[in-house]
Amino acid sequence: MRFRLTHQIFMLFSFVIILSMLIFTLITSARFDSIYAEVGVNNIKDYINYTEDSWSVGKPPIKSKYEYFYGNLHSNEIHYSENILNIFSRDEINYIIDNTIRKENSVIKVYKSNDSLYHLGAKIKEDGSYIVAIGDNDLLKHYRNNSFFIFIIIYGVILVWGNAILGIWSQQIVSRLKKIQKAVTQLPVEQYQKEIIFEGDDEISELASSIETMRQEICHNEETKREIIQNVSHDIKTPIAVIKSYAEAIYDGIEDKEAALVIIKQAEILKNKTIQLLEYNKLEYLETKTEFEDVNMKELIENVVDYYRFQTNIEFILELENVYFKGFSEHYRTVLTNIIDNGI
């Protein structure tokens, strides 16, 4: 099953965000208890200090999520919150007073009762007034759940906004790619003549530039192919005319069988031209690794003129010297036949 580029980006981004959330949760989960415990301790301290004006004068502190008991060591009078006795028995409360309140002015500790852990905070003043505030594990769970909920909200917002931003960005990328696709599709229809131009300095613009370079190369190759076909076709015409004229001369008795050698020579030339035509895409007739040869132009011109003896009534007057040119005899022969053909 194949997915579109936009969908792939969405899925990849969502996968990264969800994976990051899971990794973050696993890494931090080991520290959650200590972090939340510290939060609970600080909250108990804040509650004790905030309500000090009440419990220090024997008035009940404001109700909160904490259970508490308070009193004065000198009067042995103890006041309880509504549910404190559901957590600690009176003996446990007396034990806390004797072993914690009477020994330390301020303390925060973990206390175990009925197989449950509690954070216990206590403070005593010089006049003997004191308070003990207690937070249970439900508070820690509350903090943990709230934090986890906040994490989910944060990651959810990142996921939604991230996908929205990626959606806008990917649509722009896909739109530019579709323009390139359309331009490439139209190239054969427009004979590769329409230029492909994309502004920008990114990879997509570089891709468009590469396609434009390819288009120019195709146009150049097509033009070269047309020229090759035109030139080779013109070169084929001359040997055919020579073969025809000499064959007619032999048939009419004007020439003897020795003239057949000219036909054979022209047939060989025609064969070579045909090979060039079949392999024009290799451009073998334009480029070669063979070294230049010394071409006797006097002999070459005489041979070429001799081919036209039975094709025209024009008299060729030759005043030639033995001159040698560097190059290829076949190429010079093509030039000479083209000149004569154009003159005839």
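Bear in mind that the values here come from a model prediction, so they are computed numbers and not experimental data. Residue indices follow the written sequence of each chain, beginning from 1 at its first position. Given that this is a predicted model, residues contribute local features only at a pLDDT of at least 70 and side-chain atom pairs are listed and counted only at 80 or more, while totals for whole chains, interfaces and linings are drawn from all residues. Working from all heavy atoms in the structure, the side-chain values ignore hydrogens and water.

Chemist: Even after reading the chapter, I still don't get the overall build of the protein chain, so can you show me in this structure?
Modeler: We count a stretch as a helix when DSSP gives it H or I for four or more residues in a row; a strand needs E for two or more, and each element gets its number in order from the N terminus. From N to C terminus, the protein chain includes nine helices and seven strands. A simple rule labels every residue: compare its accessible area, found with a 1.4 Å probe on the protein chains alone, to the largest value its type can have, and call it buried under 20%, exposed over 50%, or partly exposed in between. When each of the 344 residues of the protein chain is scored for burial, the buried share is 32%.

Chemist: I would appreciate a short explanation of the packing of aromatic side chains in the present structure.
Modeler: Two aromatic rings are characterised by how far apart their centres lie and by the angle between their planes. Within 6.5 Å between ring centres, the rings of Phe, Tyr and Trp (the latter by its six-membered ring) count as paired, and their orientation is classed by plane angle as stacked under 30 degrees, edge-to-face over 60, tilted in between. For the structure shown, the criterion picks out four aromatic pairs. Centre to centre, the rings of tyrosine 47 and tyrosine 66 are 5.4 Å apart; their planes meet at 45 degrees, and the pair counts as tilted. In this pair, tyrosine 47 sits in helix H1 (residues 5–50) while tyrosine 66 sits in the loop between helix H2 (52–55) and strand E1 (67–72), placing the two residues 19 residues apart along the sequence. Relative accessible area serves as the criterion here: at 7%, tyrosine 47 is assigned to the buried category. Look at tyrosine 68 and tyrosine 70: their rings are 6.2 Å apart centre to centre, the planes differ by 35 degrees, and that puts the pair in the tilted class. For the pair tyrosine 68 and tyrosine 70, one class covers both residues: buried.

Chemist: I would appreciate a short explanation of the pattern of salt bridges in the present structure.
Modeler: Should the charged atoms of two oppositely charged side chains come close, the side chains can pair. Each reported salt bridge corresponds to a side-chain nitrogen of Lys or Arg within 4 Å of a carboxyl oxygen of Asp or Glu. Scanning the entire structure with this criterion turns up seven salt bridges. Of the charged contacts in the structure, one is a salt bridge between glutamate 223 and arginine 226, with a shortest N-O distance of 2.7 Å. Here arginine 226 and glutamate 223 lie together in helix H6 (residues 203–252), a separation of three residues that amounts to about one turn. Judged by relative accessible area, glutamate 223 falls into the partly exposed class, the value being 36%. The partner of lysine 244 in a salt bridge is glutamate 248, and the shortest N-O contact between them spans 2.6 Å. Here lysine 244 and its partner glutamate 248 are both found in helix H6, four residues apart, which amounts to about one turn of the helix. We classify lysine 244 as exposed; its relative accessible area is 52%.

Chemist: Got a minute to help me understand the layout of surface pockets in this structure?
Modeler: Sizing a probe to match a water molecule and rolling it over the atoms shows the empty space that remains. Buried and open spaces are told apart on a 1 Å grid over the protein atoms alone, a cavity being a set of points where a 1.4 Å probe fits but cannot get out and a pocket being an open set with protein on both sides within 12 Å along at least five of seven lines. Residues with an atom within 4 Å of a point are the lining residues. Grid points are joined across faces, edges and corners, and a volume is the space filled by probe spheres set on the points. Its volume calculated, the second largest pocket comes out at about 180 Å³. Only Asp, Glu, Lys and Arg are considered charged, only Ala, Val, Leu, Ile, Met, Phe, Trp, Tyr, Cys and Pro nonpolar, and every remaining residue, Gly among them, polar. Taken together, the residues that form the lining of the second largest pocket break down as five nonpolar, one polar and five charged.

Chemist: Whenever I open this one, the side chain of arginine 333 confuses me. Can you help?
Modeler: Tracing the backbone shows arginine 333 in helix H9 (residues 329–343). Each residue touching arginine 333, except ones within four places of it in the same chain, is listed here: Lys265, Ile269, Leu300, Asn303, Val304 and Tyr307. Whether two residues touch is decided by their heavy atoms; if any such pair falls within 4.5 Å, the residues are in contact.

Chemist: What exactly am I supposed to notice about H6 here?
Modeler: Multiplying 1.5 Å by the helix residue count minus one yields the expected span of that helix. Between its terminal C-alpha atoms H6 stretches 73 Å, which fits the 74 Å expected from 50 residues at 1.5 Å a residue. Looking one or two residues past H6, glycine 253 carries a phi angle of roughly 85 degrees, positive in sign.

Chemist: Sorry, what's going on with empty space enclosed by the protein here?
Modeler: A complete count under the given rule lists two cavities of 30 Å³ or more for this structure. Computed from the structure, the largest cavity encloses a volume of approximately 80 Å³. Surrounding the largest cavity, Asp235, Thr238, Pro239, Gln266, Ile269, Lys273, Tyr307, Glu330, Arg333, Thr334 and Thr337 form its lining. Contributions of two or more residues to the lining of the largest cavity are made by H6, helix H7 (260–278) and H9. Classifying every residue of the lining of the largest cavity gives three nonpolar, four polar and four charged.

Chemist: Can you walk me through the nonpolar core in this structure?
Modeler: One recurring pattern in soluble globular proteins is that nonpolar side chains are buried together. Nine residue types can take part in a nonpolar core, namely buried Ala, Val, Leu, Ile, Met, Phe, Trp, Tyr and Cys, and a core is a set of them joined through side-chain atoms within 4.5 Å. Ranked by internal contacts, the top residues of the largest apolar core, which has 16 residues, are Phe69, Phe88, Ile97, Ile101, Tyr130, Val132 and Ile134. Going through the elements one at a time, helix H3 (84–87), helix H4 (90–101), strand E4 (116–124) and strand E5 (129–136) are the ones with two or more residues in this core. The contacts of valine 132, once residues within four sequence positions are left out, are Glu67, Tyr68, Phe69, Ile101, Leu120, Gly121 and Ala122. In terms of nonpolar packing, the next biggest core, distinct from the first, is built from 14 residues, Tyr246, Met297, Val304 and Tyr307 among them.

Chemist: Which parts of the structure should I look at to understand the packing of helix H8 (residues 297–307) against H9?
Modeler: A packed helix pair is summarised by two numbers, namely the angle formed by the two axes and the spacing between the axes. Every angle, taken between N-to-C directions, lies between 0 and 180 degrees, and every axis is a line fitted to C-alpha atoms, over only the stretch in contact when it is a helix. Interaxial distance between H8 and H9 falls to 10 Å at its minimum, and their mutual angle equals 45 degrees. Our classification of the angle between H8 and H9 gives oblique. Crossing geometry of H8 relative to H9 is assigned as right-handed. Where H8 abuts H9, its residues Met297, Leu300, Ile301, Asn303, Val304, Val305 and Tyr307 lie against Ser329, Tyr332, Arg333, Leu336, Thr337 and Ile340. Here the contact of H8 with H9 is composed, by residue class, of nine nonpolar, three polar and one charged. To sort the angles, those under 35 degrees are grouped as roughly parallel, those over 145 as roughly antiparallel, those from 65 to 115 as roughly perpendicular, and the leftovers as oblique. A clockwise turn of the near helix away from the far one marks a right-handed crossing, whereas an anticlockwise turn of less than a right angle marks a left-handed crossing.

Chemist: Explain the confidence of the model for the protein chain here, please?
Modeler: Low-pLDDT portions of the prediction should not be read for the details of their coordinates. The predictor reports its confidence for every residue as pLDDT, a score running from 0 up to 100. With 83% of its residues at a pLDDT of 70 or more, the protein chain has an overall mean of 78. A low-confidence stretch, residues 283–289 stays under pLDDT 50, and its non-local contacts, those more than four residues away or across chains, total ten contacts.

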